[in-house]
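Overview (structure and organization)
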Amino acid sequence: MKTFNYHAPKDVNEASKLASVNSVFLAGGMTSIPSIKLGLASYKDVINIKHIKKLSGIKVAGKSLIIGSTTKHAEVASSKDVQKEIPSLAKLAGRIGDAQVRNRGTIGGSISNNDPSACYPSACMALNAIIHTNEREIEASNFFIGMFETALKKNEIVEAVEFQIPEKSNYQKHPNPASRYAIVGVYLAKYKDKVNVAVTGAKSCVYIDSDLSKKLSSNFSTSAIEGIKLDSSEMNSDIHASAEYRANLVMTYAKKAVEAC
Amino acid sequence: MASLVGSRVERKEDKRFLTGKGKYTADINIANQTYAVFVRSPHARAKIQKIDLSRALRASGVVSILTGDEIAKDKIGGLIAGWAIRSEDGTEMKIPANPPLAKEHANFVGEPIVVVIAESLDEAKAAAELVSVDYKVLKGVVNTAEAMNGETIHEGIDKNLCFDWLLGDRKAVEQAFAKADKIIKVDLINNRLVPNAMEPRACVTDYNTASEEITLYTTSQNPHLSRLIMSAFGGVAPENKLRVVAPDVGGGFGSKINVYNEEIVCSWASKKIERPIKWVAERTESFLTDTHGRDHVTHAELAVTNDGKFLGFKNETIANLGAYARVFGTVTPTYLFGPCATGVYVIPAAYTNVKAVYTNTAPVDAYRGAGRPEATYTIERLVEKAAMELGIDKTELRMRNFPKQFPFKQTLVHTVDSGDYGAGLEKAKKMSDYDGFQARRKKSEASGKLRGIGVSSYFEACGIAPSAAVMSLGCGVGLWESAEVRFNPTGQISVYTGSHSHGQGHDTTFAQIAADELGVAMENIDVVHGDTNKGTFGMGTYGSRSLTVGGVAIVNACRKIIAKGKKVAAKMLEVSENEIDFKNGEFVALKSNKKKTIGEIAFALYLPGSRDSDFKSQLPEGMEPGLIETAFFDPANFSFPAGTHICEVEIDPETGEVKVEKYTAVDDFGRIVNPNIVEGQVHGGIAQGIGQALYENAQYDETGQLITASYMDYTMPRADNFPEFNLGFTCTLATTNPLGVKGCGEAGAIASPPAVMNAVIDALGGQEITMPATAEKVWRACKSLKKSNYKAA
Ligand SMILES: Cc1cc2nc3c(=O)[nH]c(=O)nc-3n(C[C@H](O)[C@H](O)[C@H](O)COP(=O)(O)OP(=O)(O)OC[C@H]3O[C@@H](n4cnc5c(N)ncnc54)[C@H](O)[C@@H]3O)c2cc1C
């Protein structure tokens, strides 16, 4: 394996100072370590942020559920607070990858990596999340920019993700049978005045399907979206699923999500 | 003493495996060892124009870098095909040279070209990146069906055709077809699979400059065979100067039968550099270079009468060998495939024609079931389709064509000694509640789902041995098995076997057998295998042969021990030999009821003049001391397990996802030595078969890149893909071995793919789809179902 300098800072400032174009933050390591091992990436500095206490934990504040960035998927899945306030989010976390991945992978790592087939980005989009970093607050809709691309700057560290607690919500996932990432994932959140349908896996980056969201906002039933023909021209096509199939999955799971709410 | 054979003894080896005390090849480290990394072809087909080592040789830690030129200079031979197949026109099969390091041409992605040996793994890897190979990239041949039309891969091998083989009688088949009421036809693809043993291949080689012996620790299913091949064909070292040790091996499924390039290269190089060398495959290397399985394209036809009688069978198959023919590469799609393709049925006329082709893909060889899953898939798809087209219940149609008598002279090659196919089918129907299926289908339909049921009745020929038979079919060696039973003076026993355990549990089953034969406690018995310096020769483990051939050799060796012991007991008890009975570990004088335990006899045989005997020998005159016996067993026939598997699936037509709802397997393995272990074998086989049917697929793109070379893209089935397996057994004893046992290692993988696919296709109202039945494929089939307004009957 390639050599690198390893750092384990105790606070966010120090971690941020250590960062450069040649560094990586080590959270769960579920993406960064395989990338190094397979030679897809090499770094001068690996900055472990798991020792920074304030980055981990779950709390409820008013209408918000706040999850620290180094909180593991398994912790979110089993949290009483999450199960009570946003049960679909606990379920999402509980179906990420496999047990090993859930016991190491973190929410901060997941959204910072912004894999087009990751689950959490869809939750952030549907649940009007605010991403708190050491520098600013970023709305989810401004955070996920493109494939593996976010609004984060080199030295910026995600500290926590603040979700707006919905009336109802549901997450439907069609897992890739090999990796168990989402081939398509549909996150539906219903608020008093608005319904958000966020889709992951289908395109190069997570997105809100405005057509589905609008129709469901005015009439929250499967009949409202019956017969909608989604445009599959920008959807991914690979050995696991064609664009046409992905479009079908988005519709199918959107309906299933409505039914489940 | 209660019999151990037949009881659920816990696996002795599990303590070692589950507590991390197993010792695998990668766990072996030898002082002063170096590390090997192979530079592999990134191209499916290329001419190697120039290799520049200059930068790599200057890299830190490099000990040596060797190429195909050097290995050729040292006259080290290449990899071999172990089985000679003749074409229908009488010509010999065409085999290309397969040097351990490619010299002029690279023929598949991953083929080794250069070995870099360094002081550390990191240094070896870094230096390997500095090796520069100048390739002239050529157009590769990838597609199985199209291979004969592609550019010639190996000089002199026209149409990339290794052989065009026929088994059976075309004329008789044509005549039978002329009499048929209906001809049922299928076009099938038997998808290519990566074996995916949990432990990647590895080797550690150690050349001793004083004894001039090479020791090769390796991940092999058959260390003796590896030594033989490396000596006789590779010229690496004479057999007495080459020790091959296969310690704990974490699964093989056929992929560890072959001697591979890396083992030959590292053994040879260790002698050259006079230092030990370690090589451990990374998972990507396993995907690219372990021999793959299956990869057939088949057109088959079954001639039937309106009342469901089978008259004739045709099978035209193209089998992909990959870039080179390996040890079982040529027999797998011929004699392991053709004879079984007529299945468990009386079919008066049949033939199988196989064209084996070379392509620029990883070599294809035996993978769990080897040829027999492909055969069973062919016939069982045909039979199921025939039932649909004839409107006869699928189990009834099978019943009508089962043989009524055993021995059953099967159409093409085999005479099956024993079986009762009807009993297996009846039991499977009962256990799966076959008759209640329509009610379950209605229930599924009420919730918008499709439900299907599929049956697969199989037999297979395994226990690969009868030397006379396999040699007459072209095998390069006889395939018997040997055993040696050694008593220590104080009564513990070492059982040496030529079989090899890489997960099968021989430490347990072989000890059970020997303990029963010798009437001693299992704890007193150690099973020793996997080291050419220990015990006699052996042919290894594959083709479900360990128990039926290797296990029987142990029985025979034990019986020789008892025969010798009887002579000594007679002398000690002062009676004649025929007045001695051997029971429960004791030699008993029938009249006086005086006894000697087998332990006492062993003691006497090693220390004949001890204090107990007033220092006078207790041995009959002229008897050699010691208690060690060897047996070689060469059975009279193959072993023929059989059974019926029934699978039920439910499909969500909106997503196309297939869920295996119920799986019932009823198998006849003759006498069962350890139900625990047999059930484990059946479970594993079914898991791999469901994997083939629904998930697994080794896909190359048109340029010959393996695009499913990691677990992110190659779907291994997992526990949550399966229902609880419902297992049952019937028993007709094998008549060709004293234990009455039949092979059980591959049956699950042989029977299950057609059971699953028949269920999927049943749910789809007969619409055919190819394996693996992935969600998208099934979704597309469901869409066209809706269009045709089909309602599952
Ligand atoms: C086999 C497998 C299956 C998976 N399946 C799924 C799935 O089904 N659904 C799903 O959503 N995900 C899945 N994942 C992804 C996984 O859940 C992790 O979320 C993901 O790998 C990254 O998280 P991590 O904590 O391991 O981050 P790391 O690998 O440690 O880091 C990843 C990247 O994020 C950056 N980073 C990490 N933390 C921060 C931070 N606080 N601030 C700024 N940058 C940061 C790092 O610099 C690095 O570039 C799977 C992963 C694997 C290996």
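Residues numbered from 1 in each chain as written. Chains lettered and ligands numbered in written order. Predicted model: local features only at pLDDT ≥ 70, side-chain atom pairs only at ≥ 80, totals over all residues. Heavy atoms only, no water.

**Here we look at the site of the ligand**
Residues and elements named next belong to chain A. Contacts to the ligand come from 32 residues, most closely from Gly29, Thr31, His73, Thr106 and Cys119. Contacts to the ligand include Ser32, whose backbone N or O atom sits 2.8 Å from an oxygen atom. Contact with the protein chains hides 91% of the accessible area of the ligand, taken as 970 Å² for the molecule alone. Counting only elements with at least two residues in the shell around the ligand, the list comes to β2 (23–26) and α7 (107–113). Broken down by element, the residue count for the shell around the ligand peaks at four residues, all from α7. Taken together, the residues that form the shell around the ligand break down as 15 nonpolar, 14 polar and three charged. Viewed by domain, the shell around the ligand spans two of them, domain 1 (5–164) and domain 2 (168–260), each represented by three or more residues. (Near = heavy atom within 4 Å. Polar contact = N/O pair within 3.5 Å; in protein donor to acceptor, adjacent residues only side chain to side chain. Areas by Shrake-Rupley, 256 points an atom, 1.4 Å probe, with all protein chains shown as cover. Helix = DSSP H or I, 4+ residues; strand = E, 2+ residues; numbered from the N terminus. Nonpolar A, V, L, I, M, F, W, Y, C, P; charged D, E, K, R; others polar. Domains from an automatic or database assignment.)

**Describing the interface of chain B and chain A**
Where interface size is quoted, it is often the accessible area lost as the parts come together. Between chain B and chain A, the contact holds 23 residues from the first and 21 residues from the second. Of the roughly 1800 Å² buried at the junction of chain B and chain A (both faces included), carbon and sulfur atoms supply 44%. Summed over the three residues of chain B that lose the most area to chain A, namely Met712, Arg718 and Glu776 of chain B, the buried surface amounts to 28% of that side. Where chain B meets chain A, there are four salt bridges. Scanning the region where chain B abuts chain A turns up twelve residue pairs in polar contact (both at pLDDT 80 or more). In terms of residue class, the side of chain B that touches chain A is built from seven nonpolar, five polar and eleven charged. (Contact = heavy atoms within 4.5 Å. Buried area = accessible area lost by both parts, 1.4 Å probe. Salt bridge = Lys/Arg side-chain N within 4 Å of Asp/Glu carboxyl O.)

**Examining the sheet that holds strand β22 (residues 580–583) of chain B**
All names here are of chain B. Reading across the sheet, the three strands line up as β22-β23-β24 and stay open at both edges, with antiparallel pairing between neighbours. Each edge of the sheet is formed by a strand with only one pairing partner; in this case those strands are β22 and β24 (595–597). The average undirected angle you get between the axes of adjacent strands in this sheet is 20°. Strand direction decides the pairing type here: strand β23 (residues 586–589) and β24, joined by three bridges, are antiparallel. (Pairing = 2+ DSSP bridges. Axes fitted to C-alpha atoms, helices over the stretch in contact; angles between N-to-C directions.)

**Regarding the confidence of the model for chain B**
Of all residues in chain B, 98% attain a pLDDT of 70 or more, and the chain-wide mean is 95. With pLDDT under 50 throughout, residues 789–793 of chain B is counted as low confidence; its partners more than four residues away or in other chains account for seven contacts. (pLDDT = per-residue confidence, 0-100.)

**So, the domain arrangement of chain B**
Residues and elements named next belong to chain B. For chain B, the assigned domains are domain 1 (14–138 + 198–251 + 256–289), domain 2 (293–465 + 637–787) and domain 3 (480–633). Relative placement of domain 1 and domain 3: their C-alpha centres are 39 Å apart. Taken residue by residue, the interface counts 21 residues in domain 1 and 15 residues in domain 3. Around 1500 Å² of area is buried between domain 1 and domain 3 when both sides are counted, 53% of it from carbon and sulfur atoms. Sorting the residues of domain 1 by area buried against domain 3 places Gln221, His224 and Arg243 first, and these three jointly supply 41% of that buried surface. Notably, a salt bridge pairs Asp507 with Arg16, separated by 3.3 Å at the nearest N-O pair. Viewed at the interface, domain 3 and domain 1 are joined by eleven residue pairs in polar contact (both at pLDDT 80 or more).

**With respect to the pattern of salt bridges**
Inspection of every chain in the model, using the stated rule, returns 56 salt bridges over all chains. Notably, a salt bridge pairs Glu586 of chain B with Lys595 of chain B, separated by 3.8 Å at the nearest N-O pair.

**Re the packing of aromatic side chains**
Tallied over the entire structure, the rule returns 25 aromatic pairs over all chains. Between the aromatic rings of Phe402 of chain B and Tyr421 of chain B, the centroid separation amounts to 5.8 Å while the plane-to-plane angle is 70°, which identifies the pairing as edge-to-face. With Phe402 of chain B in the loop between α10 (394–401) and β16 (408–409) and Tyr421 of chain B in helix α11 (residues 421–431), this pair connects stretches of sequence that are 19 residues apart. For Phe402 of chain B, a relative accessible area of 4% gives the class buried. Residues Trp480 of chain B and Phe537 of chain B carry aromatic rings whose centres are separated by 6.0 Å and whose planes lie at 55° to one another, so their mutual orientation is tilted. One end of the pair, Trp480 of chain B, is in the loop between α13 (467–472) and β19 (481–487); the other, Phe537 of chain B, is in the loop between β21 (525–528) and α15 (546–573), with 57 residues separating them in the sequence. What links up through ring pairs into an aromatic cluster is the set Phe310, Tyr345, Phe402, Phe406, Phe408 and Tyr421 of chain B. The ring centre of Phe220 of chain A lies 5.4 Å from the NZ or CZ of Lys190 of chain A, which sits over that ring. In this structure, Arg201 of chain B is placed above the aromatic ring of Tyr260 of chain B, and the distance from its NZ or CZ to the ring centre is 3.6 Å. (Phe/Tyr/Trp six-rings, centres within 6.5 Å; stacked < 30°, edge-to-face > 60°. Buried < 20%, exposed > 50% of the residue type's maximum accessible area, 1.4 Å probe, protein only. Lys NZ or Arg CZ within 6 Å of the ring centre and 35° of its normal.)

**Looking at the packing of helix α9 (residues 372–390) of chain B against helix α18 (residues 747–763) of chain B**
All names here are of chain B. In the contact formed by α9 and α18, the axes pass within 8 Å of each other and the chain directions differ by 30°. When the axes of α9 and α18 are compared, the pair comes out roughly parallel. Of the two elements, α9 crosses α18, and the hand of that crossing is right-handed. The segment α9 lies against α18, with Arg372, Pro373, Thr376, Tyr377, Glu380, Arg381, Glu384 and Met388 engaging Ala749, Ile750, Pro753, Pro754, Met757, Asn758, Ile761 and Asp762. (Parallel < 35°, antiparallel > 145°, perpendicular 65-115°, else oblique. Left-handed = near helix turned anticlockwise from the far one by under 90°.)

**What about helix α10 (residues 210–218) of chain A?**
Along an α-helix, residues three or four positions apart point the same way, because every turn accommodates 3.6 residues. Residue and element names in this part refer to chain A. Of the positions making up α10, those classed as buried are Leu212, Ser213 and Leu216. Down the axis of α10, the smallest arc covering the buried residues is 100°, so these residues share one side. Opposite its buried face, α10 presents the exposed residues Ser210, Lys214 and Ser218, each directed more than 90 degrees away. Close packing links the buried residues of α10 with β12 (182–191), β13 (194–200), β14 (207–208), α11 (222–225) and α12 (243–260). For α10, the N-terminal capping position is held by Asp209, with its side-chain oxygen 3.2 Å away from the main-chain nitrogen of Asp211. (Arc of directions from axis to C-beta.)

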